[in-house]
Amino acid sequence: GMFESLIVPIVRVSYTGDGTQEGQVFELSTKSPFVGHVFLADSGAPLEGLTAEAYPVRSVSTGDDGQPLPRFGTDQTGMDGMLRLDLDRGVYDILLRGSASDGVAWLWKQGVEPGNESPLDFDMQSPIVLSGTVMDEGNEAEADALIRVYEYVPAVIPGELPDPDDMRLVWETTTSTTGAFQIYLSPVE
């Protein structure tokens, strides 16, 4: 249909200790398609199987218009590198995630607003690759160690100052049985 329904339980508790629970139905606005393509910048070849995730930025309130904050959206690129994110109106930070086997780093597009930017195209640059080995105190390889890399995120909402504690994940991997790992990072623009 034109609307998705969300049932949210509401609990009412009386002063006597007796409580009742009932649900309330909220009608949410229809999501709009937001289409784009993912290509390797060097060759123009499409990238298949990458995950695109749209994270809402605090931009739409549940104010007088009754509109909820935008909802998270996700999709995977097809054989032609095409992705389609069905999104509410609002502002999003878009994460495009690959893996070391894809040969591309994770890429963030910040402050994207569906309807204002069309299409959503990603030109994936050749990554910066960092390699290493994790060893324990006894100089033995540490297998299956989780490695995460974060970056500082500047503010994108007009009038807001950046939060020095605002970090986002830009790569995640685990070490091999020999303790080896590779980290793929996007070049600084």
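Above this note sits the structure.
Residues numbered from 1 in each chain as written. Predicted model: local features only at pLDDT ≥ 70, side-chain atom pairs only at ≥ 80, totals over all residues. Heavy atoms only, no water.

**Student:** In this structure, what is going on with the pattern of salt bridges? I would like to understand it.
**Tutor:** Oppositely charged side chains are able to pair whenever their charged atoms sit close together. For the coordinates displayed, the defined rule picks out 5 salt bridges. A salt bridge links Arg148 to Glu172; the nearest nitrogen and oxygen atoms lie 2.6 Å apart. Remark: Glu172 occurs in strand S12 (residues 167–174) and Arg148 occurs in strand S11 (residues 146–152); sequence separation between them is 24 residues. Residue classification places Arg148 among the partly exposed residues on the basis of a relative accessible area of 45%. (Salt bridge = Lys/Arg side-chain N within 4 Å of Asp/Glu carboxyl O. Helix = DSSP H or I, 4+ residues; strand = E, 2+ residues; numbered from the N terminus. Buried < 20%, exposed > 50% of the residue type's maximum accessible area, 1.4 Å probe, protein only.)

**Student:** Sorry if this is basic, but what is going on with the packing of aromatic side chains here?
**Tutor:** The relative placement of two aromatic rings is captured by the distance of their centres and the angle of their planes. Overall, the coordinates contain 4 aromatic pairs when judged by the stated rule. Arranged with centres 5.7 Å apart and planes meeting at 50 degrees, the rings of Trp106 and Trp171 form a pair that is tilted. On the criterion of sequence distance, the pair formed by Trp106 in the loop between strand S7 (91–97) and strand S8 (107–112) and Trp171 in strand S12 is long-range, its members being 65 residues apart. For Trp106, a relative accessible area of 8% gives the class buried. Taking relative accessible area as the criterion, Trp171 reaches 2% and is therefore assigned buried. An aromatic cluster of three or more residues is present, and its members are Tyr55, Phe72 and Trp108. Directly above the ring of Trp106 sits Arg97, whose terminal nitrogen or CZ lies 5.8 Å from the centroid. Stacked on the ring of Phe122, the Lys or Arg Lys109 has its end atom at 5.0 Å from the ring centre. (Phe/Tyr/Trp six-rings, centres within 6.5 Å; stacked < 30°, edge-to-face > 60°. Lys NZ or Arg CZ within 6 Å of the ring centre and 35° of its normal.)

**Student:** Is there a simple way to think about the nonpolar core in this case?
**Tutor:** Nonpolar side chains in soluble globular proteins tend to be buried together. By size, the foremost hydrophobic cluster in this structure holds 18 residues, and its most contacted members are Leu85 and Phe122. Only strand S3 (32–40), strand S4 (51–57), strand S6 (82–87), S7, S8 and strand S9 (120–124) provide two or more residues apiece to this core. Sequence-distant contacts of Phe122, defined by excluding residues within four places in its chain, comprise His37, Val38, Phe39, Leu83, Ile94, Leu96, Leu107 and Lys109. The next biggest cluster of nonpolar side chains, apart from the first, holds 11 residues, and it includes Leu95, Ile147, Val149 and Tyr184. (Core = buried A, V, L, I, M, F, W, Y, C linked by side-chain atoms within 4.5 Å. Contact = heavy atoms within 4.5 Å.)

**Student:** Got a minute to help me understand the sheet that holds S4 in this structure?
**Tutor:** What links the strands of a sheet is backbone hydrogen bonding, and the strands pair in either a parallel or an antiparallel sense. Overall, antiparallel pairing links the 4 strands, which are arranged S5-S4-S7-S8 in an open sheet. The open sheet has two free edges, formed respectively by strand S5 (73–76) and S8, since each of these has just one partner strand. Going from strand to strand, the sheet's axes swing by 15 degrees on average, the running direction of each strand aside. Two elements, S4 and S5, share 4 bridges in a ladder whose sense is antiparallel. Its bridge partner being in S5, Ala54 is matched across the sheet by Gly73. (Pairing = 2+ DSSP bridges. Axes fitted to C-alpha atoms, helices over the stretch in contact; angles between N-to-C directions.)

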